[in-house]
Amino acid sequence: MTGVKHMKWWGWGVEGVGFHWQDKPAFRPFVQKAVALDVKVPPSKPIAFEDLTVPAPILADELRETLERIVGLGYALTDDESRVVHTFGKSIRDLLRIRRNELGRVPDIVVYPADEAQVQGVVDAAAEAGAVIIPFGGGSNIAGSLEPIPGEQRTVISLDMGRLNRVLEIDEYSGLARIQAGAQGPDLEEQLNSKGWTLGHFPDSFTHSTLGGWVATRSSGMQSDKYGDIADIARGLRMVRPGELVVLRPLPSTSTGPSVREMIIGSEGRLGVITEVWVNVHRQPAVREVQAYFFPTWDAGLAAMHEIAESDASPSITRVSDARESGFSLATRKESKGFSAVAQNTLMNVLKRRGWNLDDMCLSFIGYEGTSKHVSYEKRLVGSIVRKHGGIGVGKGPGALYDQKKFDTPYLRDFLLDRGAAADVSETAAPWSKLKSVYDNTIAAANRAYDELGVHGWIMCHLSHSYHSGACLYFTFAFKHDENPVAQYQVVKDAIQQAFVDSGATLSHHHAVGLEHAPWMEEDISTGGVHLMQALFDAADPQGILNPGKIL
Ligand code: FAD
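Attention here is on the structure that accompanies the text.

Each value, and the rule that gives it
Residues numbered from 1 in each chain as written. Predicted model: local features only at pLDDT ≥ 70, side-chain atom pairs only at ≥ 80, totals over all residues. Heavy atoms only, no water. Helix = DSSP H or I, 4+ residues; strand = E, 2+ residues; numbered from the N terminus. Buried < 20%, exposed > 50% of the residue type's maximum accessible area, 1.4 Å probe, protein only. Contact = heavy atoms within 4.5 Å. Salt bridge = Lys/Arg side-chain N within 4 Å of Asp/Glu carboxyl O. Phe/Tyr/Trp six-rings, centres within 6.5 Å; stacked < 30°, edge-to-face > 60°.

Remarks on the environment of serine 326
- Considering the arrangement of structural elements, one finds serine 326 in helix α12 (residues 323-331).
- Judged by relative accessible area, which is 2%, serine 326 ranks as buried.
- Linking serine 326 and cysteine 362, residues 36 residues apart in sequence, is a C-alpha distance of 5.5 Å.
- For serine 326, the contacting residues outside a window of four places in its chain are Ser321, Met361, Cys362 and Leu363.

Brief notes about the pattern of salt bridges
- Scanning the entire structure with this criterion turns up 30 salt bridges.
- The partner of aspartate 23 in a salt bridge is lysine 334, with the nearest N and O atoms 3.7 Å apart. Here aspartate 23 is found in the segment before α1 (27-35), whereas its partner lysine 334 is found in the loop between α12 and α13 (338-353), with 311 residues between them in sequence.
- When its relative accessible area of 31% is taken as the criterion, aspartate 23 is described as partly exposed.
- For arginine 64, the salt bridge goes to glutamate 68, with nearest N and O atoms at 3.5 Å.

Quick notes on the packing of aromatic side chains
- One pass over the structure, following the stated rule, counts 12 aromatic pairs.
- Seen from their ring centres, phenylalanine 30 and tryptophan 458 are 5.2 Å apart, and the 80 degrees between their planes marks the pair as edge-to-face. You can see phenylalanine 30 sitting in helix α1 and its partner tryptophan 458 sitting in strand β17 (residues 457-466), a full 428 residues away along the chain.
- Take tryptophan 458: its relative accessible area is 17%, and that puts it in the buried class.
- Judged by centre distance (6.1 Å) and plane angle (25 degrees), the rings of tyrosine 439 and phenylalanine 475 are stacked. Of the two residues, tyrosine 439 is situated in helix α17 (residues 432-453) and phenylalanine 475 in strand β18 (residues 470-480); the sequence distance between them amounts to 36 residues. Each member of the pair, tyrosine 439 together with phenylalanine 475, is buried.

Listed below in C-alpha cells is the structure:
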C-alpha cells in the first residue's frame, strides 16, 4: 500500500458514488429529448478487471532493482491494476477504450518517490537506461496527456507524485505558499485553510487533480476571475530534469528574457518533473456567495458578461449557460416541494408575463467574495448591469446548490456510458468580438457532424472565465453511440475543434494539448510557433524520454 488515492480505473471518482436520476423528475424526459435515450434501460456493467488484456511489462530486472532501491520496496509496482490506473486520463476516449479492453501501450512500472531527491534518482536512472518517464498527478486530464505513445519499445515508467502532497511553507507577508506538486486539491486546501489561507483554484476536477498537474496543463478554476488561472497563480517552481534541477524563485514579475516559468507551465511532462510550486495564496474571504440570475436570451447573457468585465465590478465567478445548458441544469434538479415549488411557479409566471420565451431563458451564476460591505457593493454593480440587459436575480438558493453539486456532475458521464451514450467537453477562448460567431459556428459544426453520423446528438455551452479582452466558451456534447463509439466521437470532436480554430478561437482554454488536441497546434500557434516549440523540446530532451509525443 502506497497510501496514495486513485480514481477507479474504469471511470470518474471513487467507487460507490454515482449519479441517480430517480429523484429528478425532469431528467428522464430531458435525456429522451436530447439524445433519444431512455435512462430506464438496464445499465451495462463496465468490463471486469480480470477480463482486461494487460500486456506484459517491458522491464529489465536491473532497472527494476535500481528503481526499487531509489524509492524503496513497495513503492515500485508492476501489478496490472497499478499499471492500468496509470495508463489513461479521464477523457471519454480514455473511458471508451478502457471499457472496450483497448488498452494499447501500458506503463511497465509505477514508482512513488517520497521526495525530490528520489524524483531526481528516478529521472536519472531512466535517462541512464533510455527509459521513458511519464509524470502522473491525479490522472484527471482529458487531452490524452498520459498514455504512452502506441508501439513504444522502450520501458515506460509512470512517476506518481502522490506522496509529495504537503504545504511546506507559507510566506504570510507576501501571500505565497510553497507546496509539493503531488498535492491534490482537497489536501492542499485543507492544509492552507487550517492556517486561514486559500489557493482559490477550484477546477471541476478539484477533488482528484494535483497542483503539479494543474501547472503542467495550464489549468483554470471556476474562480479564475478573481484568483487568476494557474499560470497567474504559480509564481515560482522547482523541476527535476535528467542530471539537473531547475529552480525558479517566486517573483511577482521579472524581465529575465523569455519566461522559463511560462515554458514550464503547460509543458505536460515534456521538460521534466515539477516537484514544488510557489503559489499566490489569499486570506479566506469573510463572505462567499454565488448568486443566480436569469436572462431572457443567450445574446442578453453574453452582453451582460461583457459589460461586467468592462465595469468596475470584480466578481470571482462569471458564468452564463445557453438555453440548452440552462434546460439541462433545471432537469438535474431534485423535485421541489412546498414553498419552493410555489415560488418557482410564481417566478416562471412572472417571466412569461414579461414576454419571455422560457425555452430561450439562460441561467447565470455570479460569485462574490470579500467583506460583506464589498460583496454588497459588487452585487449592486452587477445587479444594475443584469437589469440593463433584461435579466432578473433569483437569489442565493440555486447558486448554493450549484456550489455544492459542482464536483458531482462528472459522475453523470459514467451513468450515460453505462447506458450507451457518450458525453464529453471541448472548451476554448476568444476575444469578446468573436465569441458569438465561435458559438454559432461550433454548434453548427457539431450538428453537421451528428447529421453525418446519423445520430441524435446534443450540444450545450456556457461562458465562464471572463478576461479584459474575451472569455472561455465551454461546450458539452453527447450522443447515443453505436458499436464504434471512439470513431463516432472523433468525428464530433474533430468538427468542434476545427470550428474553434477556423473561427479565431484557441484549441483549448484550460484542458491542454496532449495527444487529442495536437493536430490543431499549427493552426493555433502558426508554423513558426511550432518550430520554436519543437526546438525547445528537442534541445531539452535529446533522448526523447520525457513524456514523448504530447503537445507536438
Ligand atoms: P494528470 O492527468 O495526472 O497529468 C496531466 C499532464 O500533466 C500529464 O502530461 C502529466 O505527465 C503532467 N504532469 C502531472 N504532474 C506533473 C508534474 N508534477 N510535473 C510535470 N508534469 C506533470 N481542468 C481545468 O483546468 N479546469 C477544470 O475545471 C477541469 N474540470 C475537469 C472536470 C473533469 C470531470 C475532468 C475529467 C477533467 C477536468 N479538467 C479540468 C482537466 C484536468 O483535471 C486538468 O487537466 C488537471 O490539471 C490535470 O491534473 P492532474 O493532476 O490530474 O494531472
